[in-house]
Amino acid sequence: IDLKLSDVAVGGSARVVDVAEDVPEMLRFLDEIGLRPGAVIDIVSRGPPGGPVTLSGPSGRHAISLELARLISVEPSETTLHRA
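Here the structure is a predicted model, which is why all the values come from computation and not from measurement.

Novice: Tell me what's going on with the nonpolar core, and back it up with residues and numbers.
Specialist: Residues Leu5, Leu30, Leu35, Ile64 and Ile72 are the most contacted members of the largest nonpolar core, which totals 22 residues. For this core, the elements supplying multiple residues, two or more each, are strand E2 (13-19), helix H1 (24-32), strand E3 (40-46), strand E4 (53-57), helix H2 (66-69) and strand E6 (72-76). Sequence-distant contacts of isoleucine 64, defined by excluding residues within four places in its chain, comprise Leu5, Phe29, Ile33, Leu35, Pro52, Val53, Leu55, Ala69 and Ile72.

Novice: Would you mind going over the pairing of E4 in detail, with residue names and values included?
Specialist: Pairing of E3 with E4 involves four bridges; the strand directions are antiparallel. Note on E4: the bridge partner recorded for arginine 46 is valine 53. Between E3 and E4, which pair antiparallel in sequence order, lie six residues; one of them, glycine 50, sits at a positive phi of approximately 85°. Taken together, the five bridges between E4 and strand E5 (residues 60-64) define a ladder with antiparallel strand orientation. The residue of E5 that forms the bridge with threonine 54 is alanine 63. Hairpin geometry of E4 and E5 is characterised by an intervening segment of two residues between the two adjacent antiparallel strands.

Basis of the calculations
For every chain, the first residue of the written sequence is number 1, and numbering continues from 1 along that sequence. Local features in a predicted model are, by the rule used here, given only for residues with pLDDT of at least 70; side-chain atom pairs are given and counted only at 80 or more, and totals for whole chains, interfaces and linings are based on all residues. The side-chain values count all of the structure's non-hydrogen atoms but skip hydrogen atoms and water molecules. Buried Ala, Val, Leu, Ile, Met, Phe, Trp, Tyr and Cys residues form a nonpolar core when they are joined through side-chain atoms within 4.5 Å. Only protein chains enter the calculation, and the probe is 1.4 Å; a residue is then buried if its accessible area is under 20% of its type maximum, exposed if over 50%, and partly exposed in between. Helix and strand labels come from DSSP, where a helix needs a run of H or I of at least four residues and a strand needs a run of E of at least two; each type is numbered from the N terminus. Any two residues whose heavy atoms approach within 4.5 Å are treated as being in contact. Here, a strand pair is defined by DSSP locating no fewer than two bridges between the strands.

These results come straight from atomic positions and should not be treated as a statement about function.
As structure tokens, this is what we get:
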């Protein structure tokens, strides 16, 4: 399964696996907000279609663009699997 952060429903949790693009500025930004491989994040809210995705992770709450969320591969976390 190739699950992207943009696919996770509001209220869901996921563990970051990988980032599709190797752009230093983007990787630095993701690292600064705690979105690195192994981090578990919760989806707090979504903006209007095409709008930002707000998530809560190791370094607090952050909003990222939907485009960026589509580049982040995730796997469902244990809590998401237990909810199903």
